[in-house]
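A structural walkthrough
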Amino acid sequence: MNKEKRLEILTRLRDDNPTPTTELNFNSPFELLIAVLLSAQATDVGVNKATAKLYPVANTPQAILDLGLDGLKSYIKTIGLFNTKAVNTIKTCQMLVDLHNGEVPESREALEALPGVGRKTANVVLNTAFGWPTIAVDTHIDRVSNRTKFAMGKNVVEVEQKLLKVVPKEFKVDVHHWLILHGRYTCTARKPKCGACIIEDLCEYNDKVE
């Protein structure tokens with residue numbers, strides 16, 4: 001895909017959704033961090049339902065520590081892999097209290113040192129909470145990038161590096177949100193809605209459907 005096509009795709013996505021953001025509900029970097037940690041192999045809707053009950057009771061590292069492991073599990077038991085996520089959340093909260101004065105660090109290295117926090121989660125937090133031009137690549141973004149031929153790669157790390165290379169600076173902060181929403185609602189895995197896609201004429205996918 002050439003530079004001109006990419007620019008037009010990004011322009012259309014921006015015009016369609018000028019101020020995109022995550023569909024996870026949060027009011028602080030910490031709430032976002034925990035929501036993203038809980039969202040692995042779970043839906044944003046499911047995570048939001050759980051955090052809507054959890055955060056009014058505990059929305060700081062110390063408050064979640066005060067709940068204890070079993071107390072935390074009672075709030076997130078509707079989320080997939082909740083046992084493992086509860087353990088990681090408690091460990092993460094303890095590290096935030098011990099090492100970062102209860103604050104979420106604005107540092108990739110420090111974020112990735114937290115239990116259950118990998119590169120993708122760190123990218124989401126740095127981008128959405130702190131405005132960094134990072135690009136978190138999940139299955140939706142990987143699919144859209146490869147299917148459209150916007151930024152092809154054999155794995156999520158390769159796709160991320162390609163996106164960082166080909167996306168102009170003015171679009172970098174928001175491109176993660178545009179691509180994930182496009183993959184979630186239009187360029188879906190099993191049956192993409194090509195006929196309703198605002199970038200269909202620019203997309204280089206060979207097996208388009210109506």
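To keep things clear, this report deals only with the structure shown in the data block. (Residues numbered from 1 in each chain as written. Predicted model: local features only at pLDDT ≥ 70, side-chain atom pairs only at ≥ 80, totals over all residues. Heavy atoms only, no water.)

Looking now at the overall build of the protein chain. Assigned secondary structure in the protein chain consists of 10 helices and zero strands. Going from the N terminus to the C terminus, the protein chain shows its helices and strands as α-α-α-α-α-α-α-α-α-α. Taken against the 2.2 N^0.38 rule, which gives 17 Å for 210 residues, the C-alpha radius of gyration of the protein chain at 18 Å falls within 12% of a compact globule. With the principal axes as the frame, the protein chain shows a C-alpha extent of 55 × 30 × 30 Å. When each of the 210 residues of the protein chain is scored for burial, the buried share is 46%. Once local pairs closer than 6 in sequence are excluded, the contacts in the protein chain between residues at least 24 apart make up 59%. Summed over its atoms, the accessible surface of the protein chain is roughly 10,600 Å², and 52% of this surface lies on carbon and sulfur atoms. Positive and negative side-chain charges in the protein chain, numbering 27 and 25 respectively, have mean positions lying 5 Å apart. (Helix = DSSP H or I, 4+ residues; strand = E, 2+ residues; numbered from the N terminus. Rg over C-alpha atoms; globule rule 2.2 N^0.38 Å. Buried < 20%, exposed > 50% of the residue type's maximum accessible area, 1.4 Å probe, protein only. Contact = heavy atoms within 4.5 Å. Areas by Shrake-Rupley, 256 points an atom, 1.4 Å probe, with all protein chains shown as cover. Lys, Arg positive; Asp, Glu negative; His and termini not counted. Charge placed at Lys NZ, Arg CZ, Asp CG, Glu CD.)

Which parts of space are left empty comes out when a probe the size of a water molecule is rolled across the atoms. Here the largest pocket is characterised by a volume of approximately 390 Å³. Around the largest pocket, the lining comprises 24 residues; the ones closest to its centre are D44, K120, D138, I180 and R184. Of all the elements in the fold, those that place two or more residues in the lining of the largest pocket are α7 (119-128), α8 (139-148) and α10 (169-185). Counting residues per element, the lining of the largest pocket draws most heavily on α10, at five residues. Of the residues that constitute the lining of the largest pocket, the class distribution is 10 nonpolar, nine polar and five charged. In this structure, the second largest pocket occupies an estimated 170 Å³ of space. (1 Å grid on protein atoms, 1.4 Å probe; cavity = no way out; pocket = protein on both sides within 12 Å on 5 of 7 lines; lining within 4 Å. Points joined across faces, edges and corners; volume = space filled by probe spheres on them. Nonpolar A, V, L, I, M, F, W, Y, C, P; charged D, E, K, R; others polar.)

It is worth spelling out the packing of aromatic side chains at this point. Here the structure, examined in full by the defined rule, presents one aromatic pair. Note that R6 overlies the ring of F150, its terminal NZ or CZ placed 5.8 Å from the centroid. Between the NZ or CZ atom of R147 and the centre of the ring of Y205, over which it lies, the distance is 5.0 Å. (Phe/Tyr/Trp six-rings, centres within 6.5 Å; stacked < 30°, edge-to-face > 60°. Lys NZ or Arg CZ within 6 Å of the ring centre and 35° of its normal.)

Moving on to the side chain of R143. Structurally, R143 is set in helix α8. Buried within the structure, R143 lacks any salt-bridge partner; its nearest side chain of opposite charge belongs to D138, at an N-O separation of 7.3 Å. (Salt bridge = Lys/Arg side-chain N within 4 Å of Asp/Glu carboxyl O.)

Let us now look at the pattern of salt bridges. Close approach of charged atoms allows side chains of opposite charge to pair. Counted according to the given criterion, the structure contains eight salt bridges. For R14, the salt bridge identified is with E170, shortest N-O distance 2.9 Å. Taken together, the residues span a long stretch of sequence, with R14 in helix α1 (residues 3-16) and E170 in helix α10 at a distance of 156 residues. Residue R14 is classed as partly exposed on the basis of its relative accessible area, which comes to 28%. Residue classification places E170 among the exposed residues on the basis of a relative accessible area of 54%. The partner of R108 in a salt bridge is E112, with the nearest N and O atoms 3.4 Å apart. Here E112 and R108 lie together in helix α6 (residues 108-112), a separation of four residues that amounts to about one turn. Residue classification places R108 among the partly exposed residues on the basis of a relative accessible area of 23%. Here the salt bridges do not stand alone but share partners, grouping E8, R12 and D201 into one network.

In the structure shown here, the tally under the stated rule is two cavities of 30 Å³ or more. By volume, the largest cavity amounts to about 100 Å³. Around the largest cavity sit 14 residues that line it, and H182, C187, C194, C197 and C203 are the ones nearest its centre. Split into classes, the residues belonging to the lining of the largest cavity amount to seven nonpolar, three polar and four charged. Size it by volume and the second largest cavity reaches roughly 40 Å³. Taken together, I9, V144, S145, T148, F150, L179 and I199 make up the full set of residues lining the second largest cavity. Among the elements that line the lining of the second largest cavity, the one with the most residues is α8, at three residues. Taken together, the residues of the lining of the second largest cavity sort by class into five nonpolar, two polar and no charged.

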